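So you can see what is in the structure, the chains are spelled out below.
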Amino acid sequence: MLDYGPDAILMKGIDGRNWRLKDYETRDGYKALKKIIQEKIKPEDLINDLKKSALRGRGGAGFPTGLKWSFMPRQFPGAKYVVCNSDEGEPGTCKDRDLLRYNPHSVIEGMIIAGYAMQASAGYNYIHGEIWETYELYQEALAEAYAAGYVGKNILGSDFSYEMYTHPGYGAYICGEETALLESLEGKKGMPRFKPPFPASYGLYGKPTTINNTETFAAVPWILRNGADAFLALGKPNNGGTKIFSVTGHVNRPGNYEVKLGTPFAKLLEMAGGVFKGNKLKAVIPGGSSMPVLPADTMMKTDMDYDSIAKAGSMLGSGAVIVMDERTCMVRALERLSYFYFEESCGQCTPCREGTGWLYRIVNRIENGQGRMEDLALLDNVSDNIAGRTICALGDAAALPVKSFIKHFRDEFVHHIQHKRCLHENMEPLWGRTQKEKLREAA
Amino acid sequence: MTLSASSLEKIDREVAKYPPDQKQSAVMSALIVAQDEKGWLSNETMDFVAGYLGMPPVQVYEVATFYTMYNLKPTGKYKLTLCTCLPCGLQGSLAAGDYLREKLGIDFNETTPDGRFTLKEGECMGACAMAPVVLVNNKKMHDSMTNEKLDELLRSLK
């Protein structure tokens, strides 16, 4: 039995095997869709309900979903698209995979309702290629929905027709950025587009398109079944509902936990079994690797919702909570993060393409005992020259962690530079050796 | 150079997902199908896919070189990709990487002399809570890999 916590609504009653259509129907699945079709509910009423629920995008930016849907020109003749962003690759985030493999019909129903509300002709679900087994399972679930008449031509006998398809990612983090994802759907390199125009006016194949995260779609049927007020009441004003947090790193029970927005971090940490082996908490990245790191004492006073985390100096992002205990070398931790952005920069904008390489190489040399004191100012300078100067947010995502790690843990970086080793002996038994250390040992 | 009838059938099913004038959208799937059959993407294979989808070959090369799960060179029989991002690293995947490199006697991006294993370092696979994670030939994910489970996995891949 999987346990997402007592507050779970999206993952309530999920045991890992009950993902099929008949199981979903016993959990009130497709009731919202049936009601909409039978009562011919107006699209604008659905959008207003979503606005009232204060559902915000679960992929990272936290944009209000109802507002986003209202941007679609519903009267525009011809093709219009709904796209689900399941290209989950933000380090620390593993919730969409669980939704897709354990509760796929909630995502499918949410996408159908989105199609109805925005009068779209088709919906594509772009799924991370690394989770191939989940990709295949989702396709099986989609076939069930087609067979039951929930998707396809004249849905449930109405004049609403809507096709749904899957599209695989294949190892490019940048495709989680919505316009890069659209490029990828069109069969090109996933390089982000300039905005404006926004996808609602010029999206897939140049047609009006709305892109939402998997978890955002999954929340829609619940909201329409139980009412916008009920959803809002679960969270806090402007932060409606529950959120699935992926808690990883130094905790006793890494995993996905669904809690009400506004739940104290301390409670979420407790659900994940507390800090690994009862060690002391050192730092937490509360919203996925692109967000600033926060020291333990700040985190322990923070609630898990968009506004509280922003106030504490970071962002809720995708809801990936990366926990680091006292043994973590923050230089090595940053080196890993910087490598990721260096590896995943698409190369379109010079500040990001060149800058992410600079960041990685500088942090790497500090980690390997070749750092210089002026490197700290240099890291700051390179970060400032990336952030805000690129087409998409990957540049900011590479720069923000660097600045926050140095801001909060400057003494560790200084110690690494001066003494060519970590602040404390044997900081991290689980940590592995760096490539260079290994080569040095072999020499 | 061509692909098998069953591969072509699979590609046709992918093409049908997109508007008739947007066959190029199927290129990622077509390359996956081609790689599954051939093991890797040679220029000849990519040229064939280009012709099949009515695309200039260079646009197919662009896609194949951009997405990291495509093999642009022959690999060992089993390509093992280990996620070494920060969250996985905190949960022991870097140590698992050390173990695999020692055990196989190769570094990342190398293939064992008997051609059985290629070891790759991967970026986030979206399974962070179950680290260490090893993906075999882009398809089968193995999670929570202790040294014992890694031994067992290597033994099972003949």
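Keep in mind it's a predicted model, so treat the numbers as computed, not measured. (Residues numbered from 1 in each chain as written. Chains lettered and ligands numbered in written order. Predicted model: local features only at pLDDT ≥ 70, side-chain atom pairs only at ≥ 80, totals over all residues. Heavy atoms only, no water.)

This paragraph deals with the overall build of chain B. Within chain B one finds seven helices and five strands. Counted from the first residue to the last, chain B has its helices and strands arranged as α-α-α-α-β-α-α-β-β-β-β-α. Summarising its shape, the C-alpha atoms of chain B cover approximately 50 × 35 × 25 Å along the three principal directions. The long-range share in chain B, meaning contacts at least 24 apart out of those at least 6 apart in sequence, stands at 60%. By element, 52% of the accessible surface of chain B is carried by carbon and sulfur atoms, the whole surface being about 6,500 Å². (Helix = DSSP H or I, 4+ residues; strand = E, 2+ residues; numbered from the N terminus. Contact = heavy atoms within 4.5 Å. Areas by Shrake-Rupley, 256 points an atom, 1.4 Å probe, with all protein chains shown as cover.)

Another point: the sheet that holds strand β2 (residues 122-127) of chain A. Residues and elements named next belong to chain A. Taken in spatial order, the four strands of this open sheet run β3-β2-β1-β4, and their pairing is parallel. Since the sheet does not close on itself, it has two edges, and those belong to β3 (163-168) and β4 (209-213), each with one partner. Across the sheet, the axes of successive neighbouring strands diverge by a mean angle of 20°, strand direction being ignored. Of the pairings in the sheet, the one linking strand β1 (residues 81-86) to β4 comprises five bridges and is parallel in character. In the sheet register, V82 faces β4, and the bridge partner there is T210. Contacts from helix α9 (residues 214-226) reach β1 and β4 within the one sheet, and its direction differs from that of β4 by about 90°. (Pairing = 2+ DSSP bridges. Axes fitted to C-alpha atoms, helices over the stretch in contact; angles between N-to-C directions.)

Take the environment of D303 of chain A next. All names here are of chain A. Mapped onto the elements, D303 comes out in strand β10 (residues 303-304). For D303 and P264, which are 39 residues apart along the polypeptide, the C-alpha to C-alpha distance reads 4.0 Å. Beyond its immediate stretch of four places on either side in the chain, D303 contacts K236, G262, T263, P264, F265, S308 and I309.

Below, the discussion takes up the interface of chain B and chain A. Size of an interface: often given as the accessible area lost when the parts come together. Each side of the interface is counted separately: chain B has 49 residues, and chain A has 64 residues. Here chain B packs against chain A, burying approximately 4,600 Å² in sum over the two surfaces, 59% of which is carbon and sulfur. Looking only at chain B, the three residues that lose the most surface to chain A are F66, L86 and L90 of chain B, adding up to 16% of its buried area. Linking chain B with chain A are two salt bridges. The salt bridge involving R336 of chain A is made with E121 of chain B; its shortest N-O contact spans 3.5 Å. For the interface between chain B and chain A, the tally reads 19 residue pairs in polar contact (both at pLDDT 80 or more). (Buried area = accessible area lost by both parts, 1.4 Å probe. Salt bridge = Lys/Arg side-chain N within 4 Å of Asp/Glu carboxyl O. Polar contact = N/O pair within 3.5 Å; in protein donor to acceptor, adjacent residues only side chain to side chain.)

Mean pLDDT for chain B: 96, with 100% of residues reaching 70 or above. Across the interface, the model reports ipTM at 0.97; the global pTM reads 0.95. (pLDDT = per-residue confidence, 0-100.)

Residue and element names in this part refer to chain A. Taken together, five strands build an open sheet; the order of strands is β6-β5-β11-β8-β9 and the sheet is mixed. Only two strands of the sheet have a single partner each, and these edge strands are β6 (255-260) and β9 (294-295). Here strand β5 (residues 242-249) pairs with β6 via six bridges, running antiparallel. If you follow T242 over to β6, its bridge partner there is K260. With respect to the sheet, helix α5 (residues 95-102) is in contact with β5 and β6, its orientation differing from that of β5 by roughly 120°. Here helix α17 (residues 394-419) sits on the sheet in contact with β8 (281-285), β9 and β11 (320-325), set at roughly 155° to β8.

For the rest of this paragraph, the subject is unusual backbone geometry. All names here are of chain A. For the peptide bond that leads from K195 to P196, omega is -10°, which places it in the cis range. Examined against the element boundaries, P196 turns out to sit in the loop between α8 (178-185) and β4. Here the bond from P196 into P197 is cis, since omega is 5°, no more than 30 degrees from zero. We note that L156 has phi near 50°; this positive angle belongs to a residue other than glycine. Its place among the elements puts L156 in the loop between α7 (132-147) and β3.

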